[in-house]
Structure formats: C-alpha cells, structure tokens
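The lines below spell out each chain.
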Amino acid sequence: MELYKEHQLKIYNSLSKKKEVFTPIVEGNVGMYVCGPTVYSNVHLGNVRTFMSFDLVFRYLKHLGFKVRYVRNITDAGHLENDADEGEDRIAKKARLEQIEPMEVVQRYTVDFHTILQQFNNIPPSIEPTATGHIVEQIEIIKEIIEKGLAYEVNGSVYFDVLKYNETEHYGILSGRNIEDSVHNTRVLDGQSEKKNPQDFALWKKADERHIMRWPSPWSDGFPGWHLECSAMSTKYLGKQFDIHGGGMDLKFPHHECEIAQSKTTNGVYPVNYWMHANMLTLNGQKMAKSTGNNILPDEIFSGDNTILNKPFTAGVVRFFMLQANYRSILDFSSTALEASEKGHAKLMEAISFLPSLIGGNESSFDVQAWKQKCYDAMNDDFNSPILIAQLFDAVKQVNLLKEGRATISTSDLEIFTQTINSFVFDVLGLPNEAANNHSDKLGGVVELLIKLRKEARDNKDWALSDQIRNELVELGIQLKDGKEGTSFTVS
Ligand code: AMP
Ligand code: ZN
C-alpha cells in the first residue's frame, strides 16, 4: 500500500493562511508548479534555498508514493528590470552589456543553474518549460482576456485591467493587499504611462527599436509580460486547476497575485489549491539579492573565497544547514552558523557509517516504531525538516549507545531503524552521501576486498588466482605489498 494512504500530510496554504490536510485533485497524483529562475546571472545561495525547499517537498511527496508532475519554468524573456513594467528586459540588458546574443546569456545561466542545483543534490523537475517556447500560448491567453473585457490595448501594448477585475473578483486574495496598496508602480503616474491605473500590469509590451527579444503578435512586435508565462505553462502542463504552486515569498506580490487574476479570468476557476511560499535567506539581516550585491555564490562557499567565510564548506553541509530551518522561517547566513551545522552533519554521517556494524539481538531497549512515527509526524506537519533532524539526532544518540553496548535492538527493529534513517537522510532530506560518493574511499574498499580474496586464494593454495589478482592490479597501476602486518597497496 502506498505510504500516503497511511499518512495525513498537512500543508500550510498561503492562501488560507492555515495548515490544511493535503488532498490532491486526482488521488495518488500531484501537480506542482514552482516559479523558476530568470537566467541572466549566476544563482546565489538565496535562490538555492528556495529551490531546495521545493526539492524537499518534491522528495517527500515522492517518498509517500505520490506520482508527482513537477513543473519548474525557466524565465528567458519578459522579466523587466523592475516590477513596474518599465525598464529593459534583464536578459536583453545583460546581452547588450556583454555584446552577446540574449540566447547566449540564457544558455550560460541555465547551465549554471542546473550545475549548481545538481551540486546541492536537487532532483530535476519533470518538465522545465521556457517562456520563449510558449509565446503562442501566451498570446492566446491575452486574446481571451481582451475578449472577456479585462485587458486593453494602448499603442501596441496590452494591460490587464486590475480595477475592473476587482469589481467582481478579489485582487489581493493571496497577498492580503487592498487595491489601493496594489500599485505596481512606485512612480506617480505622470501622463506618460500608458496604464489606465497604476495597479494594472502588462500582458504584452511593444518592443522599441532597441529591444532585440521580440515576437509578432496581433498588437505589435513585442514580448509578453513576466507574469503571463507562468499562467500559460502551468495551465498547459498541469491543467486549469492543479494542486500546488510554489515560489519564494517575494513572488507573492505582484507575480502570483497577477497569475491568479490572469488564470481566473481565462479559465473561469481559481488555478491553485495549495499556495506555498518559501522564506528568504538573509545575509547580515538583509535579504540576499543579486541586485544589491548582498549575496554569496555557491562557488565561494566551496572554495571559502569570500571574506564572510572562515573556511570552505561542502554542498552537503550547506544543505544540512538550510534544512535545519523550517522553509517558512527566515534563515540568516553566517560562517559560524555553518560551522555549527558542519559539526552536526559530521555527527549524523558518522552514526550512519556505524549502522552496518550494529548487531541485532532479541529485544530493543527503545521503541523504534514510535521513533519512526515521530519522523513521519514531523514531515507530515508541513514538511518540518528541523523537527525531523531533531528526531534523527535522537537516533544518533541510540546508535552511540548501541555501539557502546548500553542499548539493545532486536534484529527486526535494527532493519527498520537502519532503513528509516537512510531513507529520511538520503531520500527525503536529500543529503548527499558524501562517503559513498568519495571515489578514492570506494577504490580503497574495492582493493581491500581483492586483498581479502587473494588471501583466501593463497590459504586454499590457489596460486594461479592469487597471482592473477596481483598481476591484473599491477596492470591497473595498483601494487600490492606483503608484509608482516598483512598486505598493503600503493597506487601509482
Ligand atoms: P529570480 O531568478 O530572481 O526570479 O529568483 C528565483 C527564485 O529565488 C525565486 O523563487 C525567488 O523568490 C528566490 N529568491 C530570491 N532571493 C532569495 C533569497 N534571498 N532567499 C530565498 N529565496 C530567494
Ligand atoms: Zn512564476
């Protein structure tokens, strides 16, 4: 039986501002959409945190046996420099400054994004659609919204009429803003703006002659507004209504509010059942952000090459550090906090390495089933990874007691205990198995195994096999040396 049938998962829904029992639209299946990166610069650690939060969600849903379709887009057009629908396209600007094609910018930073996310052991989504690959779908939505009377064209650009929408719907349903505070433009409307009201947002922008990223449309040669791509791609791949929509807290307004308005107008139904927002990673108490320079890049973490850092850290330690905080809490980055996590991470990994050497007996001196249930309770409570980690540290305590002979465990409990620790640490939290990934350790293990087999061959006077092992290892550049203390090896 699938695990989800035995567990009641609760998700904090940013829309209702409550934890709700998770019931997918189609039993056993989950459709999840997460806003992806705008690929115009290197991914910083703040971005990594948000994508890691949703990787945890993806992993746990899969662990529970749900069939998950996880869609995460790549924004490769349409995201302007500010939320006021003004300024240059971020990608086009980078291309202009570097004198390369916009698609070279997109390619470079998409590759960087994938590499970084893989380093932090995030599982790729099921579909990763791009904004530029869905211009046709976006144009269709604009036509639909115009037809419904909720968008208007001015000089080749098209804007969503927020005030009109708000006459019958609630613009602000997600962010809790009232209409007066929902202004997309901090500048006073100076007559130059094409918008009827400052709350309106762009669905299509006419490209001026300098703007290189442009597509034909019924209104002008131009490009889609940033919010539109997510409505287009989520509807296309997950349907008019789907289960989970995620993103960083900073996307709630205006991005997600606009997405709701667009999708509700086009499809007649609210698109998302559970809205999830991941909280920010801060540095010196301020949000990590590309634009302010208050950020740290993953490569700086791995090399230790940043004055903020006392030393380098591995991706596993950073992942552990991030998951020690609840995804809905702000997390402040510091070298000392990472150093503390590094110690905890090492303790956990050390205990895991002892697991194979533990021996089961007749009875258990602690309740393994109750402990296992607490691990699930933590994750069922809105993916509460810090509580799960606290439970794993209880397990570490037990491993150490077992090692010292101060606790006992039955053979069947030992199997459950080992399997539960491994699946929560590696499958659900997704911590990289750095010991298993360490190839030199693995090589050492393999050679030790061959040394043991060679000794058995020699004990059986099977000289042919013993010589074959030694000679073939020499061909691979591995020399065995027999001594009084046994056989050692060197690699040339
Ligand atoms: P962007 O490429 O700017 O659209 O951002 C990609 C994702 O990273 C979005 O979901 C943002 O909400 C998220 N993000 C940006 N800055 C931070 C931060 N300091 N902490 C956590 N998430 C962030
Ligand atoms: Zn989005």
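None of these values were measured; they are calculated from a predicted model.

Peer 1: How should I be thinking about the domain arrangement of the protein in this particular structure?
Peer 2: By a frequent convention, interface size equals the accessible area lost on bringing the separate parts together. When its domains are assigned, the protein resolves into domain 1 (3-278), domain 2 (282-432) and domain 3 (436-491). Centre-to-centre, using C-alpha coordinates, domain 1 lies 57 Å away from domain 3.

Peer 1: Any chance you could explain the sheet that holds strand β4 (residues 67-72) here in plain terms?
Peer 2: Two pairing modes exist for strands in a sheet, parallel and antiparallel, and in both the strands are linked by backbone hydrogen bonds. The strand order across the open sheet built from four strands is β4-β3-β9-β10, with neighbouring strands paired in parallel fashion. Looking at strand neighbours, the two that pair on one side only are β4 and β10 (272-278), the edges of this open sheet. The average angle at which neighbouring strand axes cross in this sheet is 20°, direction not considered.

Peer 1: Is there a simple way to explain unusual backbone geometry in this structure?
Peer 2: Excluding glycine, residues mostly have negative phi values, and the peptide bonds linking residues are mostly trans. Between Phe253 and Pro254 the backbone carries a cis peptide bond, its omega angle lying at 5°. Take Pro254: it is sitting in helix α7 (residues 252-267). One non-glycine residue, Asn155, lies in positive phi territory at about 50°. By the C-beta count within 10 Å, which is 8 here, Asn155 ends up exposed. For Asp382, which is not a glycine, the phi torsion comes out positive at approximately 55°. Among the secondary structure elements, Asp382 is positioned in the loop between α11 (368-380) and α12 (385-403).

Peer 1: Could you clarify how one ought to interpret the site of ligand 1 in this entry?
Peer 2: The local shell around ligand 1 holds 16 residues, among which Pro37, Gly46, Thr50, Gly248 and Met288 are the closest. Secondary-structure elements contributing two or more residues to the shell around ligand 1 are α1 (45-63) and β9 (242-248). Per-element tally for the shell around ligand 1: the top contributor is α1, with four residues. Within the shell around ligand 1, the residues separate by chemical class into seven nonpolar, six polar and three charged. Counting the residues that make up the shell around ligand 1, at least three belong to each of domain 1 (3-278) and domain 2 (282-432).

Here is what the cut-offs are and how they apply
- Residues numbered from 1 in each chain as written.
- Chains lettered and ligands numbered in written order.
- Predicted model: local features only at pLDDT ≥ 70, side-chain atom pairs only at ≥ 80, totals over all residues.
- Domains from an automatic or database assignment.
- Pairing = 2+ DSSP bridges.
- Helix = DSSP H or I, 4+ residues; strand = E, 2+ residues; numbered from the N terminus.
- Axes fitted to C-alpha atoms, helices over the stretch in contact; angles between N-to-C directions.
- Buried ≥ 20, exposed ≤ 12 C-beta atoms within 10 Å, placed from the backbone.
- Near = placed C-beta within 6 Å.
- Nonpolar A, V, L, I, M, F, W, Y, C, P; charged D, E, K, R; others polar.

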